[in-house]
Amino acid sequence: MPKTATLQLEDNTFEIPVIEGSEGEKALDITRLRQQTGYITLDSGYGNTGACLSSITFIDGDEGILRYRGIDITELCEKSTFMEVSYLLIYGHLPSTDEFARFKERVHYHSLIHEDMKSFFTSYPGHAHPMAILSAMVCSLSVYHPELLQPDQSAEDRDQTITRLLSKVRVLAAFAYKRSVGEAFVYTKPELDYLSNFLHMMFTTPMNEYFPDELIRKTLDVLFIVHADHEQNCSTSTVRMVGSSKANLFASLSAGICALWGPLHGGANQAVIEMLEAIYADGGNHKKYLEMAKDKSSPFRLMGFGHRVYRNYDPRAQILKAYCDKVLAHLGVRDPIFDIAKALEEAALTDDYFVEKKLYPNVDFYSGIIYRALNIPTNMFTVMFALGRLPGWIAHWKEMIEDPGMKIARPRQIYTGEILHPYAPIEQRT
Ligand code: SDX
């Protein structure tokens, strides 16, 4: 591989350094391009621009490969748990028995939020979207931990912040759900694991203590593992962008939650179910919607299809499709929109438009069907995505903050507005 690329600009020739990653990805290092040439690059949507070097997650979009710290997502779903994957992403290695015990103990220890915060929830109207509540509450949590807001934290304080947020964001999400259904808040139990406690907090009522069975618990583990990280996606890049100003982790995560909310990103899982329900209500004619998605004059897109990086089947969608079958069979649920989803996928995968544009189902296409089967309301689907993505956001924030060469993110632009002209007094304006 050449160490430099040659750039010819007018009468000048410049050598641009070439770098290569551990999986053979190559990049032109343009860190000094403007100083060298006076030029910047333009790449709207950053489809061709690497924002950083990272050792957390590797995606090969052409081959449909996803690995966390070098371990394949399929193997992690089969053999690991969301808590263990969270440790792997954040600390860079699978934990020893002692490390894992201490990590789980610290996460459980921080399962409570200040009782004052309960009044924050009741100040929201019942119809408030849980994503609005979650992003506000994560930032508000910081007021109870002023000692963790210093820009240059010690490693110990950073770990405190990380375990507190890993534990408490789950509680805030469960409380947001309870607020939306008008039920009393439920607390964690020491004998339950991280995700069992989340479901316990969500579905326990004064009439019935809820404890998930093994398949439901494993299904949620897998759902959260496949959502745990995805390198420089929109919301993770937002966490890095905000964190690069040395804003604290509470603020950076709150910004990431807001970025995830959009229907082109994490909000797609809610939009997929709404689309499938609309197709069902319209008589189940999925071919009509496939044609609409291909019609350039229509703003309609097939939600849950397509991806900026995957030009092959999203490996996460394959894993979740298999779990749809398992969970629906286990719960004895016949969900007609699952049949519509499978018919839609089958039709799209053989349709020239989708084949030529390499549009495949993504992680959001099947996740909502499982959440529905678990009785999680549609407006909580993106909250579930946020809980799954939490360790990935934290891992990227930590990787960036611990980089001695970290700089505040500040992209450039090409100005296309008015050139210099004098102020016109109002009486001279038409
Ligand atoms: C997530 O980045 C990540 O890693 C995200 C994520 C993660 O884990 O963090 O994987 C999670 O956000 C998954 C994506 C969820 N979003 C959706 O399912 C929404 C529907 N998908 C599309 O909006 C779209 O595919 C995106 C946003 C996902 C990707 O958009 P791109 O990369 O900007 O691609 P594009 O919009 O330029 O589309 C390329 C072409 C266009 O046609 P042409 O203009 O070339 O003729 O493909 C078409 C698009 O019109 N196209 C679609 C389509 N997606 C793209 N046409 C119909 N239906 C679709 N879903």
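Just above sits the structure.
Cut-offs and rules
- Residues numbered from 1 in each chain as written.
- Predicted model: local features only at pLDDT ≥ 70, side-chain atom pairs only at ≥ 80, totals over all residues.
- Heavy atoms only, no water.
- Near = heavy atom within 4 Å.
- Polar contact = N/O pair within 3.5 Å; in protein donor to acceptor, adjacent residues only side chain to side chain.
- Areas by Shrake-Rupley, 256 points an atom, 1.4 Å probe, with all protein chains shown as cover.
- Nonpolar A, V, L, I, M, F, W, Y, C, P; charged D, E, K, R; others polar.
- 1 Å grid on protein atoms, 1.4 Å probe; cavity = no way out; pocket = protein on both sides within 12 Å on 5 of 7 lines; lining within 4 Å.
- Points joined across faces, edges and corners; volume = space filled by probe spheres on them.
- Salt bridge = Lys/Arg side-chain N within 4 Å of Asp/Glu carboxyl O.
- Helix = DSSP H or I, 4+ residues; strand = E, 2+ residues; numbered from the N terminus.
- Buried < 20%, exposed > 50% of the residue type's maximum accessible area, 1.4 Å probe, protein only.

> Sorry if this is basic, but what is going on with the site of the ligand here?
With respect to spatial proximity, 24 residues lie near the ligand, and among them His230, His307, Arg308, Arg316 and Arg389 are the closest. A distance of 2.8 Å separates an oxygen atom of the ligand from a polar atom in the backbone of Gly304. Within the side chain of Arg389, one N or O atom sits 2.8 Å away from an oxygen atom of the ligand. A total of 1000 Å² of accessible area belongs to the ligand in isolation, and the protein chains cover 78% of it. A breakdown of the residues in the shell around the ligand according to their chemical character gives 10 nonpolar, seven polar and seven charged.

> Looking at this structure, how should I read empty space enclosed by the protein?
Taking a probe equal in size to a water molecule and rolling it over the atoms shows the remaining empty space. Applying the stated criterion to the full structure yields one cavity of 30 Å³ or more. Estimated volume of the largest cavity: approximately 90 Å³. Together, Leu148, Gln150, Pro151, Gln153, Arg158, Thr161, Lys246, Ala247, Asn248, Leu249, Trp397 and Ile401 line the largest cavity. Partitioning the lining of the largest cavity into residue classes produces six nonpolar, four polar and two charged.

> For this particular structure, what's the right way to read the pattern of salt bridges?
If the charged atoms of two oppositely charged side chains come close together, the side chains can form a pair. Applying the stated criterion to the full structure yields 23 salt bridges. The closest approach of N and O atoms between Glu75 and Lys79, which form a salt bridge, is 2.7 Å. Residue Glu75 and its partner Lys79 are located together in helix α2 (residues 73–79), separated by four residues, close to a single helical turn. Overall, Lys79 belongs to the exposed group, its relative accessible area being 60%. Salt bridges sharing partners connect three or more residues here, namely Asp193, Glu214, Arg217 and Asp221.

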